[in-house]
Structure formats: structure tokens, C-alpha cells
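Survey of secondary and tertiary structure
One-letter residues, chain by chain:
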Amino acid sequence: MCLIQLQISLLLGGGTMDVKITQGSILNNIRSIRYPDTKCFGIIISARCDLAQDKTKSLHMLTALPLSTWIEKCLYPSICLDKIKEILNSFQDIINKHGLNRDTLEEWGTDKTLDLFRKINESDHSIAAKDKQWKQIEKRLQEWKDCLNSSSQVADSKIIKKFLGENKRRFKSKIEELNNGANMKFCLIPESGYNNNDTAKVDGIVVDLYDIMQIDIKHKWPIEHGQYDYQTIMSEDQRAEINHLFYFEDEDDFIVKLYQIQSPWTEYLLQHFANAFIRIGVDNWAKTTVENYCESFINDGKETI
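Cut-offs applied
Residues numbered from 1 in each chain as written. Predicted model: local features only at pLDDT ≥ 70, side-chain atom pairs only at ≥ 80, totals over all residues. Heavy atoms only, no water. Phe/Tyr/Trp six-rings, centres within 6.5 Å; stacked < 30°, edge-to-face > 60°. Helix = DSSP H or I, 4+ residues; strand = E, 2+ residues; numbered from the N terminus. Lys NZ or Arg CZ within 6 Å of the ring centre and 35° of its normal. Pairing = 2+ DSSP bridges. Axes fitted to C-alpha atoms, helices over the stretch in contact; angles between N-to-C directions. Contact = heavy atoms within 4.5 Å.

Quick notes on the packing of aromatic side chains
We describe a pair of aromatic rings using the distance from one ring centre to the other and the angle between the two ring planes. Scanning the model with the defined rule gives seven aromatic pairs in all. Between Phe91 and Phe117, the aromatic rings sit 5.3 Å apart at their centres with planes inclined by 85°, giving edge-to-face as the arrangement. Here the residue Phe91 occupies a position in the loop between helix H3 (67-90) and helix H4 (92-97), and Phe117 occupies one in helix H6 (residues 110-124), the gap between them amounting to 26 residues. One residue, Arg31, lies across the ring of Tyr247, its end atom 4.0 Å from the ring centre. Its end group placed over the ring of Tyr230, Arg239 keeps NZ or CZ at 3.8 Å from the ring centre.

Rendered as C-alpha cells:
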């Protein structure tokens, strides 16, 4: 699709023909170190007044992904890791009884943990008295291995959808958490918040509140005026400069303002960004510390860790 075709598509599909870049503008084809090989959106968060009065030397933005892409690249691996924790929880009695260290088992991985469990069981049969019990343990360890393999490599959509279907309750819970604004790392902007078309789908973009970027303000004017079009820029040096910040590699690439996030969604996003930003560097308790505290408080009535 060329730039003119995109502009017509945006006009008919509820996008914006207001090319002025301001707070809440959505740019396309952004490069992000956090999401390599993925064409991200860039959500402008610089102050409106600074941009209007040319008082800033940089455009500050947060990267964002389409909801479906975020599910595959962020949520799916996260659910895999959550399931590993659930599997380790199922071994808690074994860990406690034999004085094992949960973090060490997690570091060792499935094969070494299985060997250890076998050695313990061969000595006193304290882990599994029956073959059925041992098969259940082996099954859980295999699930652990499958999760590790799934989370460490790029899976195709069919594998991801199959896994999420098998973990539907957790998947729905995570999406509800995102939708309700309870996720401290990401913020969902529904399509109705930036698409003026009445037929806006139940879809959206997910903003990474921790992936902050900035580009030189000199790029603002050319983007607003449709000048970052691969088909019209002939200079290889200029193409290379643009390609360093954006995906600008072939004749179909161009950089534009696709949409404008509307109020109150712009303010909603900035509130979430502010809450996330002020917590950067805060040393919260680890989950195991919280669990140990709760156990200690319930069992001993002690409030110290």
C-alpha cells in the first residue's frame, strides 16, 4: 500500500487526516529494542503546549502493539511462566519435606529435577508410593518442559491459540486485568478510543508503559507533511537515517500519523504512564517473600519477615 492509498483508507476507515503531531498521536513503523523485528506504533506523550510552541528538542513516545500481537509476544510467554510457577507449587510438599530449594530447582530445569526426584524416591519411596503418583509427577515435569520450550521460542499462531485454549481461564483473567487498568506495565487503548469510524471493532492497541523512546524534533515536520515515503526519497543516506528509527526498508514503507487518541483516553494513558514511571527503581518484595510472610503470619502470628 502506498502513502496515498493509506490516506484514502484512513479517511474511509475512521483514521485521521489531521496530520499535526501532538500528544496522543499514533505514528507507525516504529523500531523498538524491546520488540525487535516488530513494526510498533509510537504514541506521542510530549506536552501539547511544548509541541505547539516548538519548545522541545525531542518527540517523546511510548511504543505500542496491536492487541493480537501483544497477546502473542507478551501475554503468551507470561502465561507460560505463570504455569511453571503453578507446577512448582504442586511440588511444594516434596520441596518442604526434603529441604529442597525452589529457586534451585527452577534454575536446574526439568531434567535435573526429575533425576533428583528419582534418586530421592529410590532411597525411601517418599515422593511416590505408587506408579500412578510417579506418572503424575512425570506429567507435570513434562508440562514444565513444554512451557519452557514454548516461552523461549517463537511459536506460530496455532500453537499459541491451542495453549491459550487449554488455559482459557487464566487467559481471560489476564485480558480482564488489562481491560480494567490493573496491569501496571501495559495500558489498553480500545479502537473506539482512536478510530472515529462507527464500526470500530472490539480491538485495540496495548501501550508498553516502560518502553520510552525519543527522536529528534526535526522529524516532526517531514512526518506531518508526508515526506517520509520510501518511493519519493532517493538519497540512500537519508533512507538509512530514517531506517535507524523507523522501518524504512522497502518501497511500501512510509511514516505517518495514523490516528489520534481521543479524550479521555489520552488522559487515561498518561495517568497510567505516570503511575508506572514513578515506580521505576522501587524495590518491591519478591513474590516468595510475600508468600513467606503470609505463611509466617498465619502460622506463628509474627509480622516480621
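More follows now that the structure is in view.
Quick look at the sheet that holds strand S3 (residues 58-66)
Spatially, six strands are ordered S4-S5-S3-S2-S1-S6 in an open sheet, and the strand pairing comes out antiparallel. Sheet topology places strand S4 (186-190) and strand S6 (257-260) at the edges, where each strand pairs with a single neighbour. Going from strand to strand, the sheet's axes swing by 40° on average, the running direction of each strand aside. When strand S2 (residues 40-44) meets S3, the two strands line up antiparallel, connected through four bridges. What sits directly across from Ile43, in S3, is Leu62. In the packing of helix H12 (residues 265-277) onto the sheet, the strands contacted are S2, S3, S4 and strand S5 (204-216), and the crossing angle to S4 comes to about 175°.

Regarding unusual backbone geometry
Cis peptide bonds are those with omega within 30 degrees of zero, and the linkage from Ser263 to Pro264 qualifies with 10°. With phi around 60°, Asn29 is a residue other than glycine that occupies positive phi space. Looking at the element boundaries, Asn29 is found in strand S1 (residues 25-30). A positive phi angle, close to 65°, is found at Asp37, a residue other than glycine. Structurally, Asp37 can be placed in the loop between S1 and S2.

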